[in-house]
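# Structural features, examined
Each chain is listed here by its residues.
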Amino acid sequence: MAAIFSPSMMCAEYGHLEDEVEILEKAGVDRFHLDVMDGRFVPNFGMGLQDIEFICKKAKVKKEIHLMIERPGDYVEQFVRLGASCIIQI
């Protein structure tokens, strides 16, 4: 089985998000990993919806969205509309 390169975009420099997406795609990423945290299910907050929507529209590769939120099933359709290729729930 081949390795899949899926960088977490939570570590991206948001002031240069378009550049980061382009650089990573040129480097050969297989997909982007987008973390969603609500501050309740886990004590942290993840990426904002505007950042996820931007990456989903800009990126040509698949996008996996990692939902670490309460009641994730309530949001699956929303993330699919934004452009998620895969949704991971904990």
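Up top you'll find the structure we're talking about.
Residues numbered from 1 in each chain as written. Predicted model: local features only at pLDDT ≥ 70, side-chain atom pairs only at ≥ 80, totals over all residues. Heavy atoms only, no water.

### Notes on the nonpolar core
Where we set the bar: Residues belong to a common nonpolar core when they are buried Ala, Val, Leu, Ile, Met, Phe, Trp, Tyr or Cys residues joined through side-chain atoms within 4.5 Å. For the exposure calls, accessible area comes from a 1.4 Å probe over protein chains only, and a residue counts as buried if that area is under 20% of its type's maximum, exposed if over 50%, partly exposed in between. A run of DSSP states H or I qualifies as a helix once it reaches four residues; a run of E qualifies as a strand once it reaches two. Both are numbered from the N-terminal end. Residue contacts are defined here by distance: any two heavy atoms, one from each residue, within 4.5 Å place the two residues in contact.
Met-9, Phe-32, Leu-34, Ile-52, Ile-55, Ile-65 and Phe-79 are the most contacted members of the largest nonpolar core, which totals 21 residues. Of all the secondary-structure elements, those providing two or more residues to this core are helix H1 (17–27), strand S1 (31–37), helix H2 (49–58), strand S2 (62–68) and helix H3 (76–82). Discounting residues that sit within four places of it in the chain, Leu-34 has contacts with Met-9, Met-47, Ile-52, Ile-55, Cys-56, Lys-63, Glu-64, Ile-65 and His-66.

### Remarks on unusual backbone geometry
Within the chain, Arg-71 stands out as a residue other than glycine whose phi angle is a positive 55 degrees. Tracing the sequence through the fold places Arg-71 in the loop between S2 and H3.

### Examining the pattern of salt bridges
The test is simple: The salt bridge definition used is simple: a Lys or Arg side-chain nitrogen within 4 Å of an Asp or Glu carboxyl oxygen.
For the structure on display, the rule yields seven salt bridges. The residue Glu-53 makes a salt bridge to Lys-57 at a minimum N-O spacing of 3.2 Å. With Glu-53 and Lys-57 both in helix H2 and four residues apart, the pair spans about one turn of that helix. Here the salt bridges share partners, and the residues they tie into one network are Glu-18, Glu-22 and Lys-58.

### Examining the environment of Lys-58
To be explicit about the condition: Polar contact is defined as a pair of N or O atoms within 3.5 Å, subject to the rule that within protein one atom must be able to donate a hydrogen and the other to accept it, and that residues adjacent in sequence are counted only when both atoms are side-chain atoms.
Inspection of the secondary structure assignment puts Lys-58 in helix H2. The exposure class assigned to Lys-58 is partly exposed, which follows from its relative accessible area of 26%. With 40 residues separating them along the chain, Lys-58 and Glu-18 place their C-alpha atoms 7.3 Å apart. Those residues in contact with Lys-58, other than ones at most four positions away along the chain, are Glu-18, Val-21 and Glu-22. Among the polar contacts listed, one links the side chain of Lys-58 to the side chain of Glu-18, at a separation of 3.1 Å.

On their own, these measurements won't tell you what the molecule is for.
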